[in-house]
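# Examination of the molecular architecture
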Amino acid sequence: MANSTYILYEYTPSLIGAVIFAALFSLTTAFHLFQRIRTHAKYFNPFIVGGIFQIIGYVARAAAHFNKTSTTLYAMQSLFILLAPILYAASIYMVLGRIITFLNGEHLSSVPVHLMTKIFVGGDILSFILQAAGGGVMTGGSTKTVAIGQWIIVAGLCVQLLFFGTFILSSATFHIRIVGSPTEKSVRTRHLGTSILPRNWSSLLFACYTVSVLILIRSIYRLIEFAQGNNGYVISHEVYLYVFDAAMMFSVMAIMNVFHPSVVLQKEESPDLSSAESPVERSKERV
């Protein structure tokens, strides 16, 4: 592994913290993979890849505990942990489009549904490229390259915040409109589900809001961290990484385990809905 004389960490990376979160992300990612296979929810593939990124990132941090000068380990843990939330966001963007289509509420969306995925995922890809490029520049290991890489990452984070903020506003606008002018489908599917937790489109939207806010907070934390530079207060204290990144991103994955979109978006095939419709009505829905 390549080593650097430049100080990569202002502390010794916590072995216990890295191992704990590597294990936690392994568990939730494995469950997401099971849910993906069981439900064929292809739109959650980026979410699963994000979980894999987290696992790799925290395994690299665990290894960095024993080798603080390795630029390879530094680059791995920095890049994989940094980029994972962008992949979460990509899946969340696609979920909103499917909710709108599921409810026949295309006319209530402020962003055309057929462009929604292209616009938001396109912004996600741009953010991904910028942050990945910045992380790559930082691996140069010198004071100059680290500073340049950090500002490229700041640009990528600003792009992410812009698109993510717009997405949250679009989601809230649609939610307000469909509550005020409900479609027949939204009324009919509002109270589906028999579990203790509500499993309907409204609860799925609130779950998306929750994880979106967590990702937004995490992105703001990262923006502050990189804007302060490598000698800044935030980046010099590892506790912030675990509070505002690791814990929040694990919560994002766990919440979507519980409120998996497929539970709602596949309700058309559930016994509850089938018994409430006549065969003629069901055949019209399929058409």
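To be clear, the structure that these remarks concern was listed above.
This write-up is about the structure you can find in this document.

On a plain count of helices and strands, the chain comes out with eleven helices and zero strands. Per-residue burial over the chain gives 52% buried out of 287 residues. Taking contacts inside the chain between residues at least 6 apart in sequence as the whole, the part at least 24 apart equals 81%. Carbon and sulfur atoms make up 70% of the accessible area of the chain, which amounts to about 12,800 Å² in all.

A separate point is the environment of His114. Topologically, His114 is positioned in helix α4 (residues 113-138). In this structure His114 comes out as exposed when scored by relative accessible area, which is 60%. On a C-alpha basis, the gap between His114 and Thr101 in space is 9.8 Å, while along the polypeptide they are 13 residues apart.

Each α-helix turn comprises 3.6 residues. Residues three or four places apart therefore point the same way. With 25 residues, helix α1 (residues 15-39) should reach 36 Å at 1.5 Å per residue; the first-to-last C-alpha distance of 36 Å fits that figure. Where α1 is concerned, the buried positions are Gly17, Ala18, Phe21, Ala22, Phe25, Thr28, Thr29, His32, Gln35, Arg36 and Thr39. Where α1 is buried, its residues touch α2 (45-64), α3 (71-102), α8 (239-258) and α9 (261-265). Following α1 by one or two positions, His40 adopts a phi angle in the positive range, close to 60 degrees.

Another aspect to go through is the pattern of salt bridges. Scanning the model with the defined rule gives four salt bridges in all. Between Arg222 and Glu225 there is a salt bridge whose closest N-O contact spans 2.8 Å. Of the two residues, Arg222 and Glu225 are both situated in helix α7 (residues 201-228); the distance of three residues between them amounts to about one turn of the helix. Glu225 matches Arg222 in its accessibility class, with the two residues each being buried. Each of the salt bridges in this network shares a partner with another, and the network as a whole consists of Arg218, Arg222, Glu225 and Asp245.

Turning our eyes to something else, we now look at the environment of Ala147. Of note, Ala147 is situated in helix α5 (residues 143-180). The spacing of Ala147 and Asn230 is 83 residues in sequence and 7.5 Å in space, taken between C-alpha atoms.

What follows is about the side chain of Ser236. In this fold, Ser236 is placed in the loop between α7 and α8. Those residues in contact with Ser236 that sit more than four places away from it in its chain are Glu10, Tyr11, Asn230 and Asn231.

The first and last C-alpha atoms of α3 sit 47 Å apart over 32 residues, in line with the 46 Å expected at 1.5 Å per residue. Judged by how many residues are buried, α3 sits mostly within the fold: 27 of 32 residues are covered. Of the residues one or two after α3, Asn104 is the one with positive phi, at around 55 degrees.

What counts, and where the lines are drawn
- For every chain, the first residue of its written sequence is number 1, and the numbers climb from 1 along that sequence.
- Per-residue local features are limited, in this predicted model, to residues with pLDDT of at least 70; the limit for side-chain atom pairs, both in listing and counting, is 80 or more; totals at the level of whole chains, interfaces and linings are taken over all residues.
- Side-chain numbers here rest on the full set of heavy atoms in the structure, without hydrogens or water.
- Numbering of helices and strands starts at the N terminus; helices are DSSP runs of H or I of at least 4 residues and strands are runs of E of at least 2.
- Type-normalised accessible area, obtained with a 1.4 Å probe on protein chains alone, sets the label of each residue: buried when under 20%, exposed when over 50%, and partly exposed for intermediate values.
- A contact between two residues is defined here by any heavy atoms of the two lying within 4.5 Å.
- Under the convention used here, a 1.4 Å probe and the Shrake-Rupley method define accessible areas, while residue burial counts only the protein chains that appear.
- Helices are assigned an expected span. That span is 1.5 Å times one less than the residue count.
- The rule for a salt bridge is simple: a side-chain nitrogen of Lys or Arg has to be within 4 Å of a carboxyl oxygen of Asp or Glu.

Nothing here speaks to function; it is all geometry.
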